[in-house]
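The residues making up each chain are set out below.
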Amino acid sequence: MNVISDTQFEWFLTLAVGLLAGVWLVYDAINLIRTAGADGQDPVIRDKRFGYVIGMVIGVIGLVGVLRFRGML
Amino acid sequence: MHRREVSKWNPANAVTASRFLTLPLFVWAVQHGYRQWATLFILVCGLLDKLDGLVARMFDCRSAFGEMFDAITDALCYGFALIVVAWHGWAPAIPVALAIALGLTNTAMRAQYARRIGRATNYKSYAMERVVAYTGYLIGFATGNMEVTYFFWLFPVVMGLVLLHDGKRMLLDPIPAARPA
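This one's a predicted model, so the numbers in the text were calculated from it and none came from an experiment.

What counts, and at which threshold
Residues numbered from 1 in each chain as written. Chains lettered and ligands numbered in written order. Predicted model: local features only at pLDDT ≥ 70, side-chain atom pairs only at ≥ 80, totals over all residues. Helix = DSSP H or I, 4+ residues; strand = E, 2+ residues; numbered from the N terminus. Rg over C-alpha atoms; globule rule 2.2 N^0.38 Å. Contact = placed C-beta atoms within 7 Å. Buried ≥ 20, exposed ≤ 12 C-beta atoms within 10 Å, placed from the backbone. Nonpolar A, V, L, I, M, F, W, Y, C, P; charged D, E, K, R; others polar. Core = buried A, V, L, I, M, F, W, Y, C linked by C-beta atoms within 7 Å. Expected span 1.5 Å × (residues − 1). Arc of directions from axis to C-beta. pLDDT = per-residue confidence, 0-100. Axes fitted to C-alpha atoms, helices over the stretch in contact; angles between N-to-C directions. Parallel < 35°, antiparallel > 145°, perpendicular 65-115°, else oblique.

(A) Spatial organisation of the overall build of chain A. What chain A contains, in helices and strands, is two helices and zero strands. A globule of 73 residues ought to have a C-alpha radius of gyration of about 11 Å, yet chain A, at 17 Å, is considerably larger. Once local pairs closer than 6 in sequence are excluded, the contacts in chain A between residues at least 24 apart make up 70%.

(B) Broad picture of the overall build of chain B. Counting its regular elements, chain B contains seven helices and zero strands. Ordered by position from the N terminus, the helices and strands of chain B form the series α-α-α-α-α-α-α. Scaling as 2.2 N^0.38, a compact globule of 181 residues should have a C-alpha radius of gyration of about 16 Å, and chain B matches this with 17 Å. Each principal axis of the C-alpha atoms in chain B carries an extent, and together these give about 55 × 35 × 20 Å. A buried classification covers 35% of the 181 residues belonging to chain B. Contacts spanning at least 24 positions in sequence make up 77% of the contacts within chain B whose residues lie at least 6 apart.

(C) Broad picture of the interface of chain B and chain A. Counting residues at the interface gives 23 residues for chain B, matched by 20 residues for chain A. Elements represented by at least two residues in the side of chain B that touches chain A include exactly helix H3 (35-58), helix H6 (126-143) and helix H7 (148-172) of chain B. A breakdown of the residues in the side of chain B that touches chain A according to their chemical character gives 14 nonpolar, four polar and five charged.

(D) Structural context of the nonpolar core. Core analysis: the largest hydrophobic core is formed by 47 residues, its most contacted members being Phe26(B), Ala81(B), Leu82(B), Val85(B), Val131(B), Leu138(B) and Ile139(B). When residues of this core are traced back to their parent elements, those giving at least two are helix H1 (6-34) and helix H2 (43-69) of chain A together with helix H2 (22-31), H3, helix H4 (64-87), helix H5 (93-117), H6 and H7 of chain B. The element best represented in this core is H6(B), accounting for eleven residues. Those residues within four positions of Phe26(B) in sequence are excluded, and the remaining contacts are Ala38(B), Phe41(B), Ile42(B), Ala81(B) and Val84(B).

(E) Structural detail: H2(A). Over its 27 residues, H2(A) extends 39 Å from the first C-alpha to the last, a length consistent with the 39 Å expected when each residue adds 1.5 Å. Lining the buried residues of H2(A) we find H1 of chain A together with H6 and H7 of chain B. Downstream of H2(A) by one or two residues, Gly71(A) has phi in the positive range, about 75°.

(F) Looking closely at helix H1 (residues 11-18) of chain B. Residue and element names in this part refer to chain B. For H1, the full list of buried residues reads Ala12, Asn13 and Thr16. On an axial view of H1, the arc spanned by its buried residues comes to 95°, and they lie on one face. The inward-facing, buried residues of H1 abut H3 and H4.

(G) Seen up close, unusual backbone geometry. Residues and elements named next belong to chain B. Even without being a glycine, Asp60 presents a positive backbone phi close to 50°. Considering the arrangement of structural elements, one finds Asp60 in the loop between H3 and H4. Residue Asp60 is classed as exposed on the basis of its C-beta count, with 10 C-beta atoms lying within 10 Å. In this structure, Glu147 takes a positive phi of about 40° despite not being glycine. Glu147 sits in the buried class, given 22 other C-beta atoms within 10 Å.

(H) Here's a closer look at the environment of Leu171(B). Residues and elements named next belong to chain B. Turning to its location among the elements, Leu171 is positioned in helix H7. Judged by local crowding, Leu171 falls into the exposed class, with 11 C-beta atoms found within 10 Å. Once the C-alpha coordinates of Leu171 and Arg35 are considered, the two residues, 136 residues apart in sequence, prove to be 41 Å apart. Those residues in contact with Leu171 that sit more than four places away from it in its chain are Met109 and Gln112.

(I) Representation of the confidence of the model for chain B within the structure. Model confidence for chain B is summarised by a mean pLDDT of 90, while 94% of its residues fall at 70 or above. In the model output, the complex is listed with pTM 0.86 alongside ipTM 0.90.

(J) Inspection of the packing of H1(B) against H3(B) at higher detail. Residue and element names in this part refer to chain B. Two numbers describe how H1 lies on H3: the axes approach to 8 Å, and their chain directions differ by 175°. Regarding the angle of H1 to H3, the classification is roughly antiparallel. Seen from H1, the contacting residues are Pro11, Ala12, Val15, Thr16 and Ser18; seen from H3, they are Leu48, Leu51, Asp52, Val55 and Ala56. When the residues that make up the contact of H1 with H3 are grouped by side-chain class, the tally is seven nonpolar, two polar and one charged.

Here it is, written out as structure tokens:
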């Protein structure tokens, strides 16, 4: 029982994950740059930087996954 | 500054609780092999997770309880959905078992952190917020049969790294001074 065709579903997954991962990567990269001037000794700032780096890593994982899914890697 | 009392029976917590309603539908879809419907239901569960924060801001009903309830709901919904997809062979069992073990470790560390602070609180982890979102997508990758092995085996690596960082912050580092509400 499908909602859309298998091909449409594959493209939906590709676009949804690809867009999300790409936006996530850029969003957290901008967040990370914004903390550049902040006090690096503050534990909250360090937590934020770590979180943004993890967000970027997850973004890259998502983009690589999409490329593998489309047979480009 | 005095912090306003917020009832537990508020719109944001209602949205959070409504996420549990997607689980029986999700199980039904997986049991019948309806991958697209299963993806849709887990997507709705994830969207409701984003909506509850928005509702909390709109109705000004943010609370420590709401944050805890949200975190517990994330763990229960995503943990349950992960078990369901692994049980039906849509995801590899070992990384799912690792993810659940790491999730339980995270919960235990948060409980210990609350004991150290001496009140019910939820440690704000920017990294774990992102890992929780990744968990939601994992279930989508399983239901959509999208690079399942790749995404599932990378997940415990990322989550393990975040747990090491957060464990140090919650269990070893000094308790931060309370900030005004």
